[in-house]
Structures are given as C-alpha cells and as structure tokens.
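Read off the chains here:
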Amino acid sequence: MKIHWTTDLKTTRMHRPHDRIALVLQGGGALGAYQAGAFEELSGSPYQPDWLVGVSIGAINAAIIAGNPPERRVQRLTEFWHTVSSGMPALADPTALIPWLRAMTENSEQRSVLNQISAWHAALIGIPGFYQPRLLPPSFQPAGTAAALSLYDTAPLRATLESLIDFDLINDGGIRLSLGSVNVRTGNSHYFDNRETRIGPEHVMASGALPPSFPPVMIEGEAWWDGGILSNTPLQQVLDKRDNQESLLVFQVDLFNAHGALPKNFDEVLKRQKDILYSSRTRYTSNMVAELTNTRRAISDLLLKLPEDLLDDPEVEDLKSFAKVEPIDLVHLIYREGPYELESMDYEFSRVSVLERWEAGRRDLRDTLMHPDWLKCAGKDSGATQYDLARHSRPVNSMAQ
C-alpha cells in the first residue's frame with residue numbers, strides 16, 4: 001500500500017523541520033536491493049535526501065540516485081537491479097516459473113537450495129553487468145596486474161555505471177555524495193566527496209572493490225579497496241563532516257543485523273560471522289553520537305548558569321564553540337532476512353531474491369513513514385534522538401490507503 005502525501009513536496013522541502021537530510025547506505029552485495037526498495041518508498045515522500053553516503057553496494061546505489069534527476073532515480077535503480085539479477089533465466093521471472101519450481105520458492109528449505117544454486121552460479125559464471133570470472137587464476141597471471149590481484153574482472157560494472165549515471169550531474173553538486181574506500185597502501189579510510197573531488201565511475205568502483213574477489217582501483221597513483229573492509233557502516237562520515245550548526249535527519253539503511261540467534265549448523269556459523277563482521281558495530285556508533293551530542297547539549301546548558309565574569313574566559317569560549325550543536329535525529333532500518341537466506345546471501349542475485357529484498361525495503365521504509373512523529377525535528381533542546389525500526393512493533397496502517 002502506498003502512502004498518499006497531500007502536501008506539495010516542493011513546499012514541504014522548503015519548510016521541512018531539518019536543515020539537512022542524509023541517506024546512509026551500508027555495504028552488502030546482493031542485499032543492496034533492500035536499500036533500493038527503501039529509496040523507492042522514500043522518493044515519494046517529503047523527506048528527500050540532500051546528502052548520500054555509501055560504501056560498496058551502498059556506494060553504487062547512492063551514485064545511481066545522485067547521478068539522475070529525481071524523476072528517473074527509481075527507474076535507474078530498477079534497471080541496475082534488473083540487470084544484475086538476470087543471470088539465471090530459470091529464476092529471473094518468478095511469475096513465469098513452472099509450477100514445481102514455483103512451489104520450491106515457497107518452501108523455505110527448498111528455497112534455500114535454490115538460493116545456494118544461484119550463489120554458485122554467481123561464483124562460477126559471474127553477474128551480468130557487474131563482474132565475470134577470469135580465465136586463469138591469479139597465481140597464473142603476471143605479478144602486479146589486476147588479474148594477479150583478484151578472481152574477477154569488474155569491467156562490466158564500469159560499463160553499467162557509465163550507462164546508468166550522469167557523472168556531470170553528480171559533480172554539479174546539487175546533491176552531496178560521499179563514497180567510502182580504503183587506501184591499500186596506508187590502510188586508511190577515505191571518502192571521495194563531490195564537494196572535494198570530481199567523481200567518476202572509478203570512485204564508485206573503488207568503494208566496491210572487495211578483495212580478493214575484485215581488483216583494487218587505481219586513482220591518481222593510489223590503489224583503493226572496498227571501504228567495507230575497514231568500516232562497513234558509513235554513519236561516522238556523516239557525524240564527522242556534518243555542519244553542527246544545521247539540524248540533521250539521517251535515514252540509515254543497514255544490510256547486516258548485529259543481533260541474531262545462536263547458530264545451529266556450519267552455514268549458520270558463517271552467516272552469523274558475516275553479520276557480526278559487516279554490521280560494523282553500527283548501534284555502538286549510533287549510541288556514541290547520541291551520547292556525544294547530548295553531552296554537548298548538557299555543557300551548553302551548564303554554561304548558561306555561569307556567572308557573567310566567567311563568560312569571557314578563553315576556556316569558556318572554547319567550551320561554547322564545542323557545545324554549540326544542532327539536533328540530530330537518526331532513523332535506523334536493518335534488513336531482516338527470511339529463513340531461506342544463507343551465508344551466501346550477499347552474492348545470491350536471483351531475481352526472486354532481489355525482488356523480495358526490494359519489497360522488504362519498501363515495507364520497512366513505509367512503516368517508518370507511518371510514524372511522522374519519528375521524523376520531526378526533536379527540537380533545539382533535545383540533542384540526539386534514535387528511532388530503531390527493529391525495536392518497534394509493526395505500526396497500524398492508519399495513514400495508508
């Protein structure tokens with residue numbers, strides 16, 4: 001069901017309670033369809049982001065959004081996910097499946113088998129428009145070449161990005177774009193930001209160059225890998241680079257859940273390890289920003305109680321500068337996978353799985369929009385507030401038609 005907004009979006013944007021809205025997208029391969037679905041729902045609301053921050057597949061989604069006018073963003077995301085999910089014709093169109101295969105997709109145990117077959121296909125054959133296996137393994141390739149440093153060739157991804165993204169539009173600066181990567185030589189994190197760097201397809205590919213599958217991407221003499229190997233949650237970039245004099249609403253869309261059940265078999269061990277590794281202590285970061293922002297707010301309140309003869313003290317002036325911060329409101333969505341998802345879920349690109357993840361993103365963002373009180377600026381005296389969809393029960397569909 002679609003929420004029908006009666007307020008003119010341009011007017012709402014001009015009078016929205018927050019100065020800035022950021023969309024933060026975690027890495028997670030094939031799970032990134034969840035982010036695309038969430039954005040489709042967000043695109044029809046008054047809460048249009050003016051800052052996109054992404055790592056890995058989140059960087060690809062973010063670049064497609066930033067590199068297209070508003071009316072074409074969902075279309076381009078759909079084209080990308082349609083392309084990368086077209087590798088297995090038998091699973092490309094769930095509505096056309098023969099009856100026994102359709103029945104398998106509706107049975108969680110049998111569906112897991114189909115998902116694993118799809119993942120094997122992605123590993124052995126590659127993903128259309130994304131990557132393809134090399135003819136020879138790295139040990140048979142000339143030292144120092146991209147082929148010697150990776151299992152797959154990502155040339156198809158560059159062609160896909162160039163066909164779907166207007167990089168001139170990105171670099172016009174209408175919407176801020178930050179893409180997380182890691183310098184291979186120094187091991188330091190870096191964000192390519194269109195306020196500082198002219199973004200091209202190589203910057204998007206650098207953010208998604210996950211070793212050892214994909215080769216590092218060379219940019220101005222430096223080699224870059226996927227930012228997710230250092231920190232898969234790019235929220236910290238927003239916190240470090242935000243203007244403290246502007247109120248901020250953040251939609252954080254994560255693909256790995258830090259919380260989970262005790263594994264019962266080896267595949268679940270691998271899956272649980274991946275969840276913990278790539279969730280990147282996302283709630284810890286969220287809690288820390290809330291604590292820091294609220295501490296600054298408390299210091300600001302305390303300074304107001306100082307006697308006048310101390311107000312001009314240099315140390316007090318420093319504290320005033322540190323404490324002055326506008327509120328931040330963080331809305332956190334996390335993909336909650338179905339019982340059929342396996343350890344291979346981040347490289348399982350079957351159309352049926354992509355569509356299910358896309359719809360899950362739409363559902364969760366729609367549920368968030370049904371709580372407009374979550375999306376109001378909490379106020380200058382509030383500091384930081386967090387709204388975690390995973391910790392709330394399903395809201396009543398009172399606003400849906």
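Overview of the structure. Note that the coordinates shown come from a computational prediction; the quantities given were computed from them, not determined experimentally.

Rules of the game
Residues numbered from 1 in each chain as written. Predicted model: local features only at pLDDT ≥ 70, side-chain atom pairs only at ≥ 80, totals over all residues. Heavy atoms only, no water. Helix = DSSP H or I, 4+ residues; strand = E, 2+ residues; numbered from the N terminus. Buried < 20%, exposed > 50% of the residue type's maximum accessible area, 1.4 Å probe, protein only. Contact = heavy atoms within 4.5 Å. Areas by Shrake-Rupley, 256 points an atom, 1.4 Å probe, with all protein chains shown as cover. Salt bridge = Lys/Arg side-chain N within 4 Å of Asp/Glu carboxyl O. 1 Å grid on protein atoms, 1.4 Å probe; cavity = no way out; pocket = protein on both sides within 12 Å on 5 of 7 lines; lining within 4 Å. Points joined across faces, edges and corners; volume = space filled by probe spheres on them. Nonpolar A, V, L, I, M, F, W, Y, C, P; charged D, E, K, R; others polar. Core = buried A, V, L, I, M, F, W, Y, C linked by side-chain atoms within 4.5 Å. Phe/Tyr/Trp six-rings, centres within 6.5 Å; stacked < 30°, edge-to-face > 60°. Lys NZ or Arg CZ within 6 Å of the ring centre and 35° of its normal. Axes fitted to C-alpha atoms, helices over the stretch in contact; angles between N-to-C directions. Parallel < 35°, antiparallel > 145°, perpendicular 65-115°, else oblique. Left-handed = near helix turned anticlockwise from the far one by under 90°.

Right, let's talk about the overall build of the protein chain for a bit. The helix and strand inventory of the protein chain stands at 15 helices and 11 strands. By the burial criterion, 53% of the 401 residues in the protein chain qualify as buried. Long-range contacts, defined as pairs at least 24 residues apart, comprise 75% of the intrachain contacts of the protein chain with a sequence gap of at least 6. Accessible surface, the protein chain: about 18,700 Å² in total, of which carbon and sulfur atoms supply 56%.

What follows deals with the pattern of salt bridges. In this structure the tally under the stated criterion is 21 salt bridges. In this structure, the salt-bridge partner of glutamate 202 is arginine 158, at a minimum N-O distance of 3.8 Å. Taken together, the residues span a long stretch of sequence, with glutamate 202 in helix α10 (residues 201-207) and arginine 158 in helix α8 (residues 155-164) at a distance of 44 residues. A relative accessible area of 23% means that glutamate 202 is categorised as partly exposed. When salt bridges with common partners are traced through the structure, they connect Glu40, Glu41, Glu359, Arg362 and Arg366 into a single cluster.

A word on the environment of proline 70. As for its placement among the helices and strands, proline 70 is situated in the loop between α3 (57-66) and α4 (73-84). Taking the C-alpha atoms as reference points, proline 70 and serine 43, 27 residues apart in sequence, are found 7.9 Å from one another.

Moving on, we come to helix α2 (residues 33-43). Burial within α2 is extensive, with nine of its 11 residues counted as buried. Within α2, burial applies to Ala33, Tyr34, Gln35, Ala36, Gly37, Ala38, Phe39, Glu41 and Leu42. Elements that come into contact with the buried residues of α2 comprise β1 (20-25), α3, α4, β9 (248-254), β10 (328-334) and α15 (351-369).

Moving on, we come to the layout of surface pockets. Size it by volume and the largest pocket reaches roughly 590 Å³. Put simply, the parts of the chain that give the lining of the largest pocket at least two residues each are α3 and α12 (266-279). For the lining of the largest pocket, the class distribution of residues is 15 nonpolar, eight polar and three charged. Sorting the residues of the lining of the second largest pocket by element identifies α7 (108-125) and α12 as the ones contributing at least two each. Classifying every residue of the lining of the second largest pocket gives five nonpolar, seven polar and nine charged.

Right, let's talk about the nonpolar core for a bit. Counting residues in each nonpolar core, the largest one holds 68 residues, and the members touching the most others are Leu23, Ile60, Phe80, Trp81, Phe130, Leu177 and Phe251. Sort the elements by how many residues they give to this core and α3 lands first, with eight residues. Ignoring any residue separated from it by four or fewer positions in sequence, one finds phenylalanine 251 in contact with Ile21, Ala22, Leu23, Val24, Leu42, Tyr47, Val331, Leu365, Thr368 and Leu375. Judged by nonpolar contacts, the second largest core, of 13 residues, contains Ala22, Val55, Leu235 and Leu239.

Moving on, we come to the packing of aromatic side chains. Tallying each qualifying case throughout the model produces 13 aromatic pairs. With 4.8 Å between their ring centres and 65 degrees between their planes, tyrosine 131 and tyrosine 152 make a pair best called edge-to-face. In this pair, tyrosine 131 is assigned in the loop between α7 and β3 (132-133) and tyrosine 152 in strand β4 (residues 152-153), connecting sequence segments 21 residues apart. In this structure, tyrosine 131 and tyrosine 152 share a single accessibility class: buried. Taken together, the ring pairs in this structure connect Phe80, Trp81, Phe130, Tyr131, Tyr152, Phe214 and Phe349 into an aromatic cluster. Lying across the ring of tryptophan 51, arginine 176 places its NZ or CZ 4.3 Å from the centre.

Here lysine 271 is to be found in helix α12. Once residues lying within four places of it in the same chain are set aside, the contact partners of lysine 271 are Glu337, Glu341, Leu342, Glu343 and Met345.

Moving on, we come to unusual backbone geometry. Peptide bonds are mostly trans, and most non-glycine residues show a negative phi. For the bond from proline 211 to proline 212, the omega torsion is 0 degrees, close enough to zero to count as cis. The residue proline 212 is located in the loop between α10 and β7 (217-219) in this model. Although it is not a glycine, serine 56 sits at a positive phi angle of roughly 60 degrees. Note on placement: serine 56 falls in the loop between β2 (51-55) and α3. Note on serine 56: relative accessible area 13%, which makes it buried. You will see that glutamate 220, though not glycine, has its phi angle at about 50 degrees, which is positive. Along the chain, glutamate 220 turns up in the loop between β7 and β8 (222-226).

Moving on, we get to the packing of α4 against α15. Two measures define how a pair of helices packs: the angle their axes make with one another and the distance between the axes. Direction vectors running N to C along α4 and α15 enclose 150 degrees, while the axes themselves pass 10 Å from each other. Taking contact as the criterion, the partners of Leu77, Thr78, Trp81 and His82 in α4 are, on α15, Arg351, Val354 and Trp358. Its residues placed into classes, the contact of α4 with α15 shows four nonpolar, two polar and one charged.

Right, let's talk about the packing of α3 against α4 for a bit. The geometry of α3 relative to α4 is characterised by a closest axis approach of 8 Å and an angle of 140 degrees between their N-to-C directions. With respect to each other, α3 and α4 are oriented oblique. Note on packing geometry: the crossing formed by α3 with α4 is right-handed. Judged by residue contacts, Ile57, Ile60, Asn61, Ile64 and Ile65 of α3 engage Arg73, Arg76, Leu77, Phe80 and Trp81 from α4.

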